Amino acid sequence: QEQLVESGGGLVQAGGSLRLSCATSGITFSLKGFAWYRQAPGKQREFVAGITTGGNTNYANVAQGRFTISRDNAKNTVYLQMNSLKPEDTAVYYCKQVGGGWGQGTQVTVSS
């Protein structure tokens, strides 16, 4: 019933940009906060960025100054704009509903 579907991942060169999308359904979107996490092979899943119902944001140190989380309540969609990408950003990126579930993830690969 509650679904989160990430898209927008892909292969990008170091220094480039990607915008990830998290399309949601079955959720009272405007009443929920959301977050982006990522997980690289052999590493723990880590928090990247979060956004509240009111649009307040917070970022992990690895994302600060490079990534921007946003939301469009009219489209029930959360975004993660990623700039100045580094090879160490390579991971599967997941959308998470605060107090809810996860999306399936989208692969981001940054080449050097």
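Above this text you will find the structure in question.
Residues numbered from 1 in each chain as written. Predicted model: local features only at pLDDT ≥ 70, side-chain atom pairs only at ≥ 80, totals over all residues. Heavy atoms only, no water.

Some remarks on the side chain of arginine 66
Residue placement: arginine 66 occurs in the loop between strand S6 (57–59) and strand S7 (67–72). In terms of polar contacts, arginine 66 uses its side chain to reach the backbone carbonyl oxygen of valine 62, at 2.6 Å. Among the polar contacts listed, one links the side chain of arginine 66 to the backbone oxygen of serine 84, at a separation of 3.0 Å. Sequence-distant contacts of arginine 66, that is, excluding residues within four places in its chain, are made with Gln81, Met82, Asn83, Ser84, Leu85, Lys86 and Asp89. (Helix = DSSP H or I, 4+ residues; strand = E, 2+ residues; numbered from the N terminus. Polar contact = N/O pair within 3.5 Å; in protein donor to acceptor, adjacent residues only side chain to side chain. Contact = heavy atoms within 4.5 Å.)

Topic: the sheet that holds S7
Spatial ordering of the open sheet is given by S1-S3-S8-S7, a layout of 4 strands whose pairing is antiparallel. Unpaired on one side and paired on the other, strand S1 (3–7) and S7 mark the two borders of the sheet. In this sheet, adjacent strand axes meet at a mean angle of 15° when their direction is disregarded. (Pairing = 2+ DSSP bridges. Axes fitted to C-alpha atoms, helices over the stretch in contact; angles between N-to-C directions.)

Focus: the state of the cysteines
Per the stated rule, a full pass over the model turns up 1 disulfide. The disulfide bridge from cysteine 22 ends at cysteine 95, spanning 2.2 Å between sulfur atoms. Judged by the sign of its S-S torsion, about -85°, the bond between cysteine 22 and cysteine 95 is left-handed. Pair noted here: cysteine 22 is in strand S3 (residues 18–25) and cysteine 95 is in strand S9 (residues 91–97), with a separation of 73 residues, a long-range link. The two residues cysteine 22 and cysteine 95 agree in class, both being buried. (Disulfide = S-S within 2.5 Å. Buried < 20%, exposed > 50% of the residue type's maximum accessible area, 1.4 Å probe, protein only.)

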